[in-house]
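Report on the structure
As a plain string of letters, each chain reads:
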Amino acid sequence: MIISQAKFAGSSIRVSDKPALKLPEFAFIGRSNVGKSSLINMLCSQKKLAMTSSTPGKTKLINHFLINNQWYLVDLPGYGYAKISKTEREKLQAVIKDYLNHSEEMVMLFVLIDCRHDVQKIDLDFLNELGEHNIPFAIIFTKGDKLGPVALDKQIEKYGLQLSEYWEELPLSFKSSSETGLGRQEILDYIENVLTTL
Ligand code: GTP
Ligand code: MG
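Read on for a plain summary of the structure.

Calculation notes
- Residues numbered from 1 in each chain as written.
- Chains lettered and ligands numbered in written order.
- Predicted model: local features only at pLDDT ≥ 70, side-chain atom pairs only at ≥ 80, totals over all residues.
- Heavy atoms only, no water.
- 1 Å grid on protein atoms, 1.4 Å probe; cavity = no way out; pocket = protein on both sides within 12 Å on 5 of 7 lines; lining within 4 Å.
- Points joined across faces, edges and corners; volume = space filled by probe spheres on them.
- Nonpolar A, V, L, I, M, F, W, Y, C, P; charged D, E, K, R; others polar.
- Helix = DSSP H or I, 4+ residues; strand = E, 2+ residues; numbered from the N terminus.
- Pairing = 2+ DSSP bridges.
- Axes fitted to C-alpha atoms, helices over the stretch in contact; angles between N-to-C directions.
- Contact = heavy atoms within 4.5 Å.
- Phe/Tyr/Trp six-rings, centres within 6.5 Å; stacked < 30°, edge-to-face > 60°.
- Buried < 20%, exposed > 50% of the residue type's maximum accessible area, 1.4 Å probe, protein only.
- Near = heavy atom within 4 Å.
- Polar contact = N/O pair within 3.5 Å; in protein donor to acceptor, adjacent residues only side chain to side chain.
- Sits in = over half its atoms within 2 Å of the grid points.

When its volume is computed, the largest pocket comes out at roughly 570 Å³. Its residues assigned to classes, the lining of the largest pocket comprises six nonpolar, 16 polar and seven charged. By volume, the second largest pocket amounts to about 370 Å³. Looking at the second largest pocket, it is lined by 14 residues, and the ones nearest its centre are Gln93, Ile96, Lys97, Phe126 and Glu129. Contributing elements (two or more residues each) for the lining of the second largest pocket: helix H2 (86-102) and helix H3 (121-132). Each residue belonging to the lining of the second largest pocket can be placed in one class, and the counts come to seven nonpolar, four polar and three charged.

This is the structure we're talking about:
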């Protein structure tokens, strides 16, 4: 997949307010600060398409980016950020839930996990909930540049072993780095393949 055009198509807090032009959507979610917005920029080879920040809780809305006039990348708010008020956190959760439950165009959800972390309860709970709702997802391990290639593979293997304590079958996963472009082609080719099956 070659991205020849990527443009911001709108922000919304409700699925009912998303862009009027309905096309297949590939959405990105994960804990706050895991690197969702950075990954979207990396995939699109643009530095400032999606807003990023070292302060967690940057993305508060559902952001649609139109790719090649053919499909959308969707940047979602992060979950699990403790340092915001309960009201604010509940608001973000409602935005995420509304999107996941009602976005008929979403064909795949990429769940981002920081490659340096072991399985955390909040991610496991989230992944289990996706399973219960039959939402198709794949995992993307982010910030791969923070570990050497051998350590990265080892950590991903360890993560898989931890997940297999709960699941019989492991989800498809990718490794990535927004700094080095690791995983870019694999993720885009995967999206291209899924699009051809629709
Ligand atoms: P929220 O919108 O707040 O939920 O965060 P997010 O998941 O969109 O994360 P964002 O892309 O804003 O990145 C958070 C921080 O991590 C920023 O300081 C980024 O520069 C940094 N970061 C993101 N991806 C990578 C990566 O692949 N490698 C490194 N080294 N840093 C990264
Ligand atoms: Mg973000």
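Attention now goes to the sheet that holds strand E1 (residues 6-12). Strand order in the open sheet made by the seven strands is E1-E3-E4-E2-E5-E6-E7, with mixed pairing throughout. Pairing within the sheet leaves two strands with one partner each, and these edge strands are E1 and strand E7 (173-175). Ignoring strand direction, the axes of neighbouring strands in this sheet form an average angle of 25 degrees. Across four bridges, strand E2 (residues 25-30) lies against strand E4 (residues 71-75) in parallel orientation. The residue of E4 that forms the bridge with Ala27 is Val74. Along the sheet, H3 contacts E2, strand E5 (106-114) and strand E6 (137-142); its crossing angle with E5, the most-contacted strand, is approximately 165 degrees. Along the sheet face, helix H5 (residues 184-197) touches E2, E4, E5, E6 and E7 and points at about 160 degrees away from the line of E5.

Moving on, we come to the packing of aromatic side chains. Taken as a whole, this structure holds nine aromatic pairs when the rule is applied. Between Phe174 and Tyr190, the ring centres sit 5.4 Å apart and the planes meet at 55 degrees, which makes this aromatic pair tilted. Here Phe174 is found in strand E7, whereas its partner Tyr190 is found in helix H5, with 16 residues between them in sequence.

Here we come to helix H1 (residues 36-44). Across the nine residues that make up H1, a large majority, eight, are buried. In the stretch just after H1, Ser45 is the one whose phi turns positive, near 55 degrees.

Attention now moves to the site of ligand 1. The environment of ligand 1 is made up of 21 residues, and the closest members are Lys36, Ser38, Lys58, Asp145 and Ser178. Here Ser37 contributes a side-chain N or O atom positioned 2.9 Å from an oxygen atom of ligand 1. In a pocket analysis with a 2 Å cut-off to the grid points, ligand 1 is assigned to the largest pocket. Considered class by class, the residues forming the shell around ligand 1 number two nonpolar, 13 polar and six charged.

A few words on empty space enclosed by the protein. Going through the model one piece at a time under the given rule, you end up with one cavity of 30 Å³ or more. Split into classes, the residues belonging to the lining of the largest cavity amount to four nonpolar, three polar and one charged.

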